[in-house]
Amino acid sequence: MTDGKQSIDVDAFFAQSDPFADVPPDHRSGFVAVVGRPNVGKSTLMNAILGQKVAIVSPRPQTTRNRIAGILTREDCQIVFIDTPGIHKPKHKLGEFMMDQARKALPDADLALWVVDVSKPPRRDDERVAAVLQAQPLPVILAMNKIDITPPDRLLAHAEAYRAQVPGIVEDIAVSALKHQGVDALVDRIREHLPPGPRYYPPGQVSDIQERFLVAELIREKALLYLQEEVPHAVAVDLQDFEERENGVIYIFARIFVERESQKGILIGKRGAMIKKIGQEARKEIEAALGRKVYLELRVKVKPKWRRNPAELRRLGYA
Ligand SMILES: Nc1nc2c(ncn2[C@@H]2O[C@H](COP(=O)(O)OP(=O)(O)OP(=O)(O)O)[C@@H](O)[C@H]2O)c(=O)[nH]1
Ligand SMILES: [Mg+2]
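Residues numbered from 1 in each chain as written. Chains lettered and ligands numbered in written order. Predicted model: local features only at pLDDT ≥ 70, side-chain atom pairs only at ≥ 80, totals over all residues. Heavy atoms only, no water.

(A) Spatial organisation of the packing of aromatic side chains. For the coordinates displayed, the defined rule picks out 5 aromatic pairs. Measuring from ring centre to ring centre gives 5.7 Å for phenylalanine 31 and tyrosine 200, while their planes differ by 45 degrees; the resulting arrangement is tilted. Separated by 169 residues along the polypeptide, phenylalanine 31 in strand β1 (residues 28-35) and tyrosine 200 in the loop between α6 (183-192) and α7 (211-226) bring together distant segments of the chain. Look at tyrosine 200 and you get partly exposed, because its relative accessible area is 41%. Judged by centre distance (5.8 Å) and plane angle (15 degrees), the rings of tyrosine 251 and tyrosine 295 are stacked. Separated by 44 residues along the polypeptide, tyrosine 251 in strand β8 (residues 250-258) and tyrosine 295 in strand β9 (residues 294-302) bring together distant segments of the chain. Owing to a relative accessible area of 48%, tyrosine 295 belongs among the partly exposed residues under this scheme. (Phe/Tyr/Trp six-rings, centres within 6.5 Å; stacked < 30°, edge-to-face > 60°. Helix = DSSP H or I, 4+ residues; strand = E, 2+ residues; numbered from the N terminus. Buried < 20%, exposed > 50% of the residue type's maximum accessible area, 1.4 Å probe, protein only.)

Below is the structure:
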């Protein structure tokens, strides 16, 4: 190297930097569709598996509206989980979109992870899920969630009732996504049912979602958390502006849609108290997620029947 140029061993360079090259011979990989009725803890479980919040979570049913990929990379496997909206009987076009999202996750998957709330016996929506699963040739793993609130005698009876609904269940396992019980064991069982395969994504990638989507979702999550009854379901968040200002602060402006004037009143609250609380809580979490200081401005707008309006749904990414 007397001429000052460095020679590079090209093969060694690529072997080192190729995130896909370095997997052991027993490496497995595949796609897992996470399905179940609303509110059973699908998104909580996916987040627990990933050790990171990728999908929003709330006590209201029908929180998740889109398919969201969460990617778990371990030394011995890479599993792409597809979180889906809870399966239910749709009442409007938004609901139809959500069901479509749930169903579309299955044909591309290697395995279905059926999440149930084992503290309760199966109900009508669980039967809907069972029917969807039975129409697929996929192996099914039953994740019996919420064992932290399930008395042991009920666990046995309910487990039996859920198992009876889908003959193709290859494994069942009791977990608590909230308390992180049984989650690692569940991943080990999932891995066993996946084929040998490479990494599809670089190890650092945890999801397929964009920053803007996450921001809008975190705002919606806080609205879901603090609002009551039918209002949460009428909420959509339309991110209008997301830009870095000269002082390094990220300025975000979002419109929150509701369907009626009465809902707007509830969302704003007495002297703006509710929207302020939603904004404050959302801002804290957005700042943590982006690792930046955020200025968040929210405005509420009435969009009558947006959940039935194809053009609005398209604009909001629900089509
Ligand atoms: N006690 C208990 N609660 C849980 C557990 N897992 C989830 N939850 C709660 O159940 C509620 C629903 O959780 P989500 O993860 O949003 O449920 P989901 O199945 O994704 O719901 P949709 O997106 O509406 O289909 C939230 O209040 C969670 O905190 C658990 O293991 N134990
Ligand atoms: Mg969800």
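(B) Structural view of the sheet that holds strand β2 (residues 68-74). Spatial strand order, β2-β3-β1-β4-β5-β6: 6 strands in an open sheet with mixed pairing. Both edges of this open sheet fall to β2 and β6 (169-174), since each of them pairs with a single strand only. Ignoring which end each strand starts from, the neighbouring axes of this sheet average 25 degrees apart. The pairing of β2 with strand β3 (residues 77-83) spans 7 bridges and is antiparallel. Each bridged residue has a counterpart across the sheet, and for threonine 73 the counterpart in β3 is glutamine 78. α6 rests against β1, β2, β3, β4 (111-117), β5 (140-145) and β6 of the sheet, and its axis sits at about 105 degrees to β3. (Pairing = 2+ DSSP bridges. Axes fitted to C-alpha atoms, helices over the stretch in contact; angles between N-to-C directions. Contact = heavy atoms within 4.5 Å.)

(C) Geometry of the packing of helix α8 (residues 261-268) against helix α9 (residues 273-290). At their nearest, the axes of α8 and α9 sit 4 Å apart, and the two run at 60 degrees to each other. Here α8 contributes Ile266, Leu267 and Ile268 to the contact with α9, which in turn contributes Ala273, Met274, Ile275 and Ile278.

(D) Spatial organisation of the coordination of the magnesium ion (ligand 2). Protein coordination at the magnesium ion (ligand 2) comes from Ser43 (OG) and Thr64 (OG1), with a distance range of 2.0 to 2.1 Å. A residue pair is termed long-range when its members are at least 10 positions apart, and serine 43 in helix α2 (residues 42-50) and threonine 64 in the loop between α2 and β2 qualify at 21 residues. (Donors = N, O, S within 2.8 Å, 3.2 Å for Na, K, Ca; no water.)

(E) Structural context of the site of ligand 1. Around ligand 1, a shell composed of 23 residues is seen, among which Lys42, Thr44, Gln62, Thr63 and Asp148 lie nearest. A distance of 2.8 Å separates an oxygen atom of ligand 1 from a polar side-chain atom of threonine 64. Coverage of ligand 1 by the protein chains reaches 90% of its 660 Å² of free accessible surface. Element by element, the count of residues in the shell around ligand 1 is highest for α2, at 3 residues. Looking at the shell around ligand 1, its residues break down into 8 nonpolar, 11 polar and 4 charged. (Near = heavy atom within 4 Å. Polar contact = N/O pair within 3.5 Å; in protein donor to acceptor, adjacent residues only side chain to side chain. Areas by Shrake-Rupley, 256 points an atom, 1.4 Å probe, with all protein chains shown as cover. Nonpolar A, V, L, I, M, F, W, Y, C, P; charged D, E, K, R; others polar.)

(F) Representation of unusual backbone geometry. Even without a glycine there, the phi angle at glutamine 62 is positive, about 65 degrees. The residue glutamine 62 is located in the loop between α2 and β2 in this model. A positive phi is found at lysine 146, a non-glycine position, where the angle reads about 70 degrees. With respect to the helices and strands, lysine 146 occurs in the loop between β5 and α5 (152-163).

(G) Spatial organisation of the environment of valine 140. Assignment of secondary structure puts valine 140 in strand β5. For valine 140, a relative accessible area of 1% translates into the label buried. In this structure the C-alpha to C-alpha distance between valine 140 and leucine 224, which are 84 residues apart in sequence, comes to 30 Å. Apart from the residues within four sequence positions on either side, valine 140 is in contact with Ala112, Trp114, Leu133, Val166, Gly168, Ile169, Val170 and Glu171.

(H) Quick look at the nonpolar core. Among the nonpolar cores identified, the biggest contains 37 residues, and Leu106, Trp114, Leu133 and Trp306 are the most heavily contacted of them. Elements with a minimum of two residues in this core: β1, β2, β3, α3 (93-104), β4, α4 (124-134), β5 and α5. When residues of this core are assigned to domains, at least three fall in each of domain 1 (10-192) and domain 2 (211-315). Among all residues touching leucine 106, those that are not within four sequence positions of it are Ala33, Val35, Ala112, Val132, Leu133, Gln136 and Leu138. Ranked by size, the runner-up nonpolar core spans 31 residues in total, among them Leu224, Val231, Phe242 and Ala254. (Core = buried A, V, L, I, M, F, W, Y, C linked by side-chain atoms within 4.5 Å. Domains from an automatic or database assignment.)

Shape is all these values report; function is a separate question.
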